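Okay, here's what each chain looks like letter by letter:
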Amino acid sequence: ERVCFNIVCYDKYPRFFSHKGLLPATRANKRKALRFLKDQRRRQFNSAAVYEALEKVLIQKVVPDDIVLVSGGAFSKGRYSEREPAVRAVTALNAARGARIHAVGLFRAPRTDISQVVPVGPPVEFLRSLARRNDGAFAYRWITTGTRKK
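Residues numbered from 1 in each chain as written. Predicted model: local features only at pLDDT ≥ 70, side-chain atom pairs only at ≥ 80, totals over all residues. Heavy atoms only, no water.

A. Structural detail: the overall build of the protein. Within the protein one finds 4 helices and 7 strands. When its helices and strands are written in sequence order, the protein yields β-β-β-β-α-α-β-α-β-α-β. Relative to its 150 residues, the protein shows a buried fraction of 41%. By sequence separation, contacts in the protein at least 24 residues apart represent 73% of the contacts at least 6 residues apart. Total accessible area on the protein stands at roughly 9,300 Å², and carbon and sulfur atoms take up 51% of it. (Helix = DSSP H or I, 4+ residues; strand = E, 2+ residues; numbered from the N terminus. Buried < 20%, exposed > 50% of the residue type's maximum accessible area, 1.4 Å probe, protein only. Contact = heavy atoms within 4.5 Å. Areas by Shrake-Rupley, 256 points an atom, 1.4 Å probe, with all protein chains shown as cover.)

B. Representation of helix H4 (residues 122-133) in the model. Taking 1.5 Å of rise per residue, 12 residues should cover 16 Å, and H4 covers 16 Å from first to last C-alpha, within 8% of that figure. Taken residue by residue, H4 has Val124, Phe126, Leu127, Ser129, Leu130 and Ala131 as its buried positions. Just downstream of H4 lies aspartate 135, where phi reads positive at about 55 degrees. (Expected span 1.5 Å × (residues − 1).)

C. Representation of the packing of aromatic side chains within the structure. Enumeration over the complete set of coordinates arrives at 4 aromatic pairs. When the centroid spacing of 5.7 Å and the interplanar angle of 15 degrees are considered together, the rings of phenylalanine 5 and phenylalanine 17 count as stacked. Residue phenylalanine 5 is located in strand S1 (residues 4-5), and its partner phenylalanine 17 is located in the loop between strand S3 (14-16) and strand S4 (23-24); the two are separated by 12 residues in the primary sequence. Comparing phenylalanine 5 with phenylalanine 17 shows no difference in burial state: the two are buried. Put simply, the rings of Phe5, Phe17 and Phe36 touch in pairs and so form one group of aromatic residues. (Phe/Tyr/Trp six-rings, centres within 6.5 Å; stacked < 30°, edge-to-face > 60°.)

D. Layout of the packing of helix H3 (residues 83-95) against H4. At a minimum axis distance of 10 Å, the contact between H3 and H4 shows a crossing angle of 15 degrees. In this view, H3 runs roughly parallel relative to H4, as classed from their interaxial angle. The hand of the H3/H4 crossing is right-handed. Contacts between H3 and H4 involve Arg83, Glu84, Val87, Arg88, Val90 and Thr91 from the former and Pro122, Pro123, Phe126, Ser129, Leu130 and Arg133 from the latter. Considered class by class, the residues forming the contact of H3 with H4 number 6 nonpolar, 2 polar and 4 charged. (Axes fitted to C-alpha atoms, helices over the stretch in contact; angles between N-to-C directions. Parallel < 35°, antiparallel > 145°, perpendicular 65-115°, else oblique. Left-handed = near helix turned anticlockwise from the far one by under 90°. Nonpolar A, V, L, I, M, F, W, Y, C, P; charged D, E, K, R; others polar.)

E. Spatial organisation of the environment of phenylalanine 126. The topology assignment puts phenylalanine 126 in helix H4. Residues phenylalanine 126 and glutamate 84, spaced 42 residues apart in sequence, show a C-alpha to C-alpha distance of 7.4 Å.

F. Spotlight on the side chain of asparagine 94. In this fold, asparagine 94 is placed in helix H3. Given the relative accessible area of 4%, asparagine 94 is considered buried. When residues no more than four places from it in sequence are discounted, the contact partners of asparagine 94 are Leu58, Ala99, Ile101 and Asn134.

G. Up close: a positive patch on the surface. Residues Lys20, Arg27, Lys30, Arg31, Lys32 and Arg35 make up a contiguous surface patch of positive charge. Inspection of the secondary structure puts lysine 32 in helix H1 (residues 27-40). Taking the relative accessible area as the measure of exposure, lysine 32 reaches 43% and is therefore partly exposed. (Patch = residues over 30% accessible without salt bridge, like charges linked within 9 Å, V, L, I, M, F, W, Y side chains within 5 Å. Salt bridge = Lys/Arg side-chain N within 4 Å of Asp/Glu carboxyl O. Lys, Arg positive; Asp, Glu negative; His and termini not counted. Charge placed at Lys NZ, Arg CZ, Asp CG, Glu CD.)

H. Summary view of the layout of surface pockets. Approximately 570 Å³ is the volume found for the largest pocket. In terms of lining residues, the largest pocket is bounded by 24 residues, among which Ile7, Leu37, Val68, Val70 and Val104 are the most central. Of all elements in the fold, only S1, H1, strand S5 (66-71), strand S6 (100-109) and strand S7 (138-144) reach the threshold of two or more residues within the lining of the largest pocket. Class assignment for the residues of the lining of the largest pocket results in 15 nonpolar, 1 polar and 8 charged. (1 Å grid on protein atoms, 1.4 Å probe; cavity = no way out; pocket = protein on both sides within 12 Å on 5 of 7 lines; lining within 4 Å. Points joined across faces, edges and corners; volume = space filled by probe spheres on them.)

Structure (C-alpha cells):
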C-alpha cells in the first residue's frame, strides 16, 4: 500500500505543506515536511478558522487516510465561533470520508523547565475532542518563550 500525506497548519489562514494535494511519503518529502513544521514553530498560533481549514482538505477529490492538524487550539474566527459546534461539524463532514484526524497542539510556555508540565484548558480539550471523535490521536509540544540558561 502506498502512503500519501499532506500537512495543514493554521493561524488566521490555513497553510498547506502541499498545495497540490497528497504527496507520496518518500524520504525526501518527509524531510521537506519536517522543515515545513519547524518553520511553523516561528509563527503565532493565536486564532483560526478550524472548520474552514479542515473543510478544504475534506472536500478534495482524494481525501487522505490521515490528517494531521497542527494548532495552538485557540478558536475565534470562521463559520463556527465556538469549539463544540465546530467539532460536531467537522465530524459530520468527515463521516462519509472516513479520514483519521490527528491533532498536534503547540502551546507556549514562559520558561524552559517544562518536563513535568501538561497543558490543560479549552484549547487542549478542543484538539483532544476533535482527534478522538475522528479516530485520531492527540499530542502536544511546548514552544518555550523563556530565556535559556547558559
